[in-house]
Amino acid sequence: MELKNQVKKYENWIIAFAAMGILAVFAGCRFDYFYDLNDDVLMKDILAGVYTGTPEGHNIQMLWLISAFISLFYRLAGGLPWYGIFLCVCHYGCFFLILKRSLNFCSTLYGKFAVALTEGFFFGGVFLEHLIFAQYTVTCTLLGGTAAFLFFTTDKNLPGREFVRKNIPAVLLVSVAYLIRSEMLLLVLPMICVAGTCKWGSEDRIFTKEHAFQYLTVIGLILGGILIGQISHSIAYGSGEWRDFTEFFNNRTELYDFQKPPEYKEHQKFYESIGLSESEKVLLDNYNFGMDEEIDHVMVGEIAEYAGKNKSAEEPFGQKLVMKLKDYVYRLSHGAGAAGSDYPWNYMVILGYMAVFFTALPMRNNLTPLSQTGRLQRGAGIYMKNAVGAAWKLIFLFAVRTALWMYILMRDRAPERITHSLYLMELCILAAMVLVQWSEIGKIKIKRMGGILVAGCFGLSVLAVFHGSVKAVSLRQAEREKVNGLYRELYTYLSEEENAGNFYFIDVYSSVSDGGIPYSEKMFQDVDNSLDNYDIMGGWACKSPLQRKKLALFGIENMEAALKDREDVYFIRKKSEDMQWIFDYYEDHGTPVGARLVKQVAGVFEIYALSGQRT
């Protein structure tokens, strides 16, 4: 009997841990975990010491505090894949926290199993691609979405201090999310604010001292966590060298992510005014700008500003707004098979809005007193009141999500890692609303029927896409395996003993993909955290103090000079990529070079030695 009582006491913990374990075993046995993009691989390399030979806290993409924390583990046990472990802990930890809190709303074992299955199939189906191909942008949003879910589902009847204490995990999750990807957290922060406003607006008496203490304290703690992360980051990146690079990084991001370098011939006067020749401008087009030391933060900033003005002139705001609004409606409304549709994420969100509205109608079993007479509202009156209460929340959330979507669409920056993140945040908030409203349905029969209906609709929806998701991720993994095999062959050759003392500069576009399939690495296989003897000729770490530190280890001060003058420095490209640009560049600088093919690798890559005489 004692054992039975203990099991009952920790029933929710047991179910949540079991579901998390089953999901992890399924994903781990069926698939391999990958870093989604080569950007994620470079972040791992910086943290692990692969890039500079020493685990670095300056990860560039993440804020310093979390980077330093992860790099510390690499310093303690450098052979382990700590960054991959960190991402998986975040993903599975969020699944556990959401499921554990969801189970608190279920009183029967059957209901708990239904919730566990529904949420398990969601993570194992709809979210599967991001679970297997991990990307820190999505990880950031999952942490923020989990925080919003936990906050909204906190019992509003708790005393003030207990309410705040109960939300400490949510505060920590938001703080960590900001450290992982500050820009993404700030993008979805308005949705988190919507969740907080709707939660506060659901109180019977909104403007009381206790409620002000509860909600404003949680808000203050969140802002405090963000402030600590930002201040520590600013201090860590406070040197002149890092400040210059940060400006370069931000200008580069603006130019490539939101603008586009204007064509040289059409804008020749502008480029001449900033001292950039046509052969040097090509380095901006092919991303190999590390070749030229004169392409600095000031020049890239001027180009980004000029490109932005030209883009605004070419695309009138009103005309673009209408076009993007149509795109927004299309993406939200179209289903499977439609080109450009966000299915199944969009349909899950639509179903979430419907579930929130209909679970709100029967809340409190028609027993809410009238404000003046004290009589009980019954029938249509209470349903109307509940409908209005749900409607303003949904309209508010939909208005904010529309503004965020239009923001990213108007900026022409809507990759899946961002759009799926917006859907994910929205789903977390909608799911929290459904659970809270369902728990406030007083009549047992209606509550049970409503629970079965909602769980059944979501359950059937995730089951409908589960097989397709597994199949799509399997195909994607097979494609990655094929492409990664080519790059592994190249990097294995570069690390061979006879080549270990050489250094190799890789054309940027030759390093990212093959046949449109991105290159990345597996998280937990073939882990080698030793120093690499190669680097790409551009990218987001180019011209950073980290790159200068890396090149200094090989006695390189200048990429342009090293490629031309040193016999142990080589140039690598894919056979499909042009290399005439490198000859034109040196010719333009008055130092023509020749190129000798040294080695072909995997039938795809070519390694060249450049010399000071054109052949």
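Worth saying up front: this structure is predicted, and the values here are computed from it rather than measured.

## Description of the pairing of strand β3 (residues 503–506)
Here β3 shows no split at all, with F503 and F505 on one side and Y504 and I506 on the other all buried. Bridge analysis of β3 against strand β7 (residues 569–574) gives four bridges, and the strand direction is parallel. Note that in β7 the partner of F503 across the bridge is V569. Sheet topology places β3 next to strand β6 (residues 534–536); three bridges connect them, and they run parallel. The residue of β6 that forms the bridge with Y504 is Y534.

## Concerning the packing of aromatic side chains
For the structure on display, the rule yields 46 aromatic pairs. One aromatic cluster in this structure is built from Y237, W242, F245, F248, F249, Y256, Y287, F289 and Y509. R252 extends its terminal NZ or CZ atom over the ring of F249, reaching a point 5.0 Å from the ring centre. The lysine or arginine in question, R476, covers the ring of F133, its NZ or CZ lying 4.3 Å from the ring centre.

## Remarks on the pairing of strand β9 (residues 605–611)
Most of β9 is tucked away, with six of its seven residues classed as buried. Bridge count between strand β8 (residues 594–601) and β9: seven bridges; the pairing is antiparallel. Pairing of A595 across the sheet is with L610, part of β9. Linking β8 to β9, which pair antiparallel, is a turn of three residues; within it A602 sits at a positive phi near 60°.

Conventions and cut-offs
Along each chain, residues carry numbers from 1 onward, in the same order as the chain's sequence is written. Reporting of local features is limited, given that this is a predicted model, to residues whose pLDDT is at least 70; pairs of side-chain atoms are given and counted only at 80 or more, and all residues count toward the totals for whole chains, interfaces and linings. Calculated side-chain values reflect all of the structure's heavy atoms, with hydrogen atoms and water omitted. Exposure classes here rest on a 1.4 Å probe applied to the protein chains alone. A residue is buried below 20% of its type maximum, exposed above 50%, and partly exposed in between. In this description a helix means any DSSP run of H or I spanning at least four residues, a strand means any run of E spanning at least two, and both kinds are numbered starting from the N terminus. A pair of strands is treated as paired once DSSP finds two or more bridges between them. Stacked, tilted and edge-to-face pairs are distinguished by plane angle, under 30 degrees for stacked and over 60 for edge-to-face with tilted covering the rest, among Phe, Tyr and Trp rings (Trp via its six-membered ring) whose centres lie within 6.5 Å. Put simply, a charge is over a ring when the Lys NZ or the Arg CZ is close to the ring centre, within 6 Å, and near the line of the ring normal, within 35 degrees.

The values are spatial; any link to function lies outside them.
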